[in-house]
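Residue-level structure breakdown
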Amino acid sequence: MTRIASLAFAVALLAPQAVAAAGDPERGEDLYERRCFACHSLDANRVGPAHRGVFGRKAGGAPGYNYSPALRKSEIVWDEPALDKWLTNPQAFIPGQRMGFRLGNPDERADIIAFLKRESQK
Amino acid sequence: MNDTAILRPPAGFLAERRAFLSGVGKATLSASAVALIVGCESLAQGTSTAASDAAILNAALGLEHEGITAYQLGAESGLLQKPVLDVAVMFKNHHEEHREILIGAIRKLGGTPVAPKSKDEYARALNAASLKSQTDVLRLAARLERGAANAYIGVMPSFGERALAQVAARLVADETMHWTVLSQALGDKLPVKALAFGA
């Protein structure tokens, strides 16, 4: 193997696992309504915190919501990789937090993340 | 186009409706609901799994609190006419049974059941002021029921105690039943593809 190929191979191994290909915010909006609406809204704290502005925000930052200590103390900033890990298995990502909902399909996660990113820019 | 003719509560339901509208009476736990909790004899307190499961159930309890209040708001809005109002009362009663099941399970796990918020808080969060017709109320109820079914399906993999997954599955069945009735009353088409929930 040439040196360049070796380097490329090493970079590929070391690179963090990629999030599914960039999601579709339109599909994400439909998924958010069907899968997330039970607990969340964009503009109101309900069972879960409001999501307007979540993308790019430090975890535990929705005003007025009573977060778990685990989430409040985490230093997570919600970007694509963090949201992807969170939606895959919240308990594994931040032990001691209170959301048990998991979204197993990587494409669905990508779509919802794209929707949240879009809405956070409004 | 709505088809509220689909909403026909069983005979003898008027007594419960009168009690509901007068504010008297509280849904008592059915024998089957008690059995569901008692059947979870393996629930253990004091473990990290118990704490995690209790937290998940408390989120579900939050859903039920909101759903109960949503039906209460709908019934008090004056927008629901018979027989829709009677069915709303029935579904509210179902959610009250769910509430009691969850409270029982949370306590068995050594947790503290989350308290409901005020009716005003729920009304603001659900934008109740925007509801102007019976259709609006049914549409909100259908959204919440579908959401609840999907939420229960979504948390099942997270339970440490497997018995709780079956509890959740039975609650899903009720939410799906509610959604089906409401969606048909709204004239919505049934899903063409299978596996419409949890997706």
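Report follows, based on the coordinates. (Residues numbered from 1 in each chain as written. Chains lettered and ligands numbered in written order. Predicted model: local features only at pLDDT ≥ 70, side-chain atom pairs only at ≥ 80, totals over all residues.)

This part covers the overall build of chain A. Each helix and strand counted, chain A has six helices and zero strands in total. Tracing chain A from N to C terminus, the helices and strands come up as α-α-α-α-α-α. (Helix = DSSP H or I, 4+ residues; strand = E, 2+ residues; numbered from the N terminus.)

Helix and strand counts for chain B stand at seven helices and zero strands. When the elements of chain B are put in sequence order from the N terminus, they spell out α-α-α-α-α-α-α. Looking at chain B as a whole, 43% of its 199 residues are labelled buried. Residue pairs at least 24 apart in sequence account for 85% of intrachain contacts in chain B once pairs closer than 6 positions are excluded. (Buried ≥ 20, exposed ≤ 12 C-beta atoms within 10 Å, placed from the backbone. Contact = placed C-beta atoms within 7 Å.)

Taking 1.5 Å per residue, 25 residues should reach 36 Å; helix 4 (residues 84-108) of chain B reaches 36 Å between its end C-alpha atoms and fits that length. Downstream of helix 4 of chain B by one or two residues, Gly110(B) has phi in the positive range, about 90 degrees. (Expected span 1.5 Å × (residues − 1).)

What follows deals with the interface of chain A and chain B. The interface is formed by 17 residues belonging to chain A together with 19 residues belonging to chain B. Across the side of chain A that touches chain B, the residue classes tally to eight nonpolar, four polar and five charged. (Nonpolar A, V, L, I, M, F, W, Y, C, P; charged D, E, K, R; others polar.)

Before going further, it helps to examine the packing of helix 6 (residues 134-155) of chain B against helix 7 (residues 162-185) of chain B. Residues and elements named next belong to chain B. The interhelical angle for the contact between helix 6 and helix 7, taken along N-to-C directions, is 155 degrees, at an axis separation of 8 Å. Regarding the angle of helix 6 to helix 7, the classification is roughly antiparallel. When the axes of helix 6 and helix 7 are compared, the crossing they make is left-handed. Seen from helix 6, the contacting residues are Leu 138, Ala 141, Ala 142, Glu 145, Arg 146, Ala 148, Ala 149, Tyr 152, Ile 153 and Val 155; seen from helix 7, they are Ala 168, Leu 171, Val 172, Glu 175, Thr 176, His 178, Trp 179, Leu 182, Ser 183 and Ala 185. Per-class residue counts for the contact of helix 6 with helix 7 are 14 nonpolar, three polar and three charged. (Axes fitted to C-alpha atoms, helices over the stretch in contact; angles between N-to-C directions. Parallel < 35°, antiparallel > 145°, perpendicular 65-115°, else oblique. Left-handed = near helix turned anticlockwise from the far one by under 90°.)

Attention now moves to the nonpolar core. Grouped together as the largest cluster of nonpolar side chains are 74 residues, with contacts concentrated most on Ala88(B), Ala141(B) and Tyr152(B). Counting only elements with at least two residues in this core, the list comes to helix 2 (25-36), helix 4 (80-88) and helix 6 (106-120) of chain A together with helix 3 (48-76), helix 4, helix 6 and helix 7 of chain B. Residues contacting Ala141(B), with those up to four places away along its chain left out, are Ala70(B), Tyr71(B), Gly74(B) and Leu182(B). (Core = buried A, V, L, I, M, F, W, Y, C linked by C-beta atoms within 7 Å.)

Below, the discussion takes up unusual backbone geometry. Residues and elements named next belong to chain B. Geometrically, the link from Lys 82 to Pro 83 is a cis peptide bond, its omega value of 0 degrees lying close to zero. Mapping Pro 83 onto the fold places it in the loop between helix 3 and helix 4. Non-glycine residue Asn 127 carries a positive phi angle of around 55 degrees. When the 12 C-beta atoms within 10 Å are taken as the criterion, Asn 127 is described as exposed.

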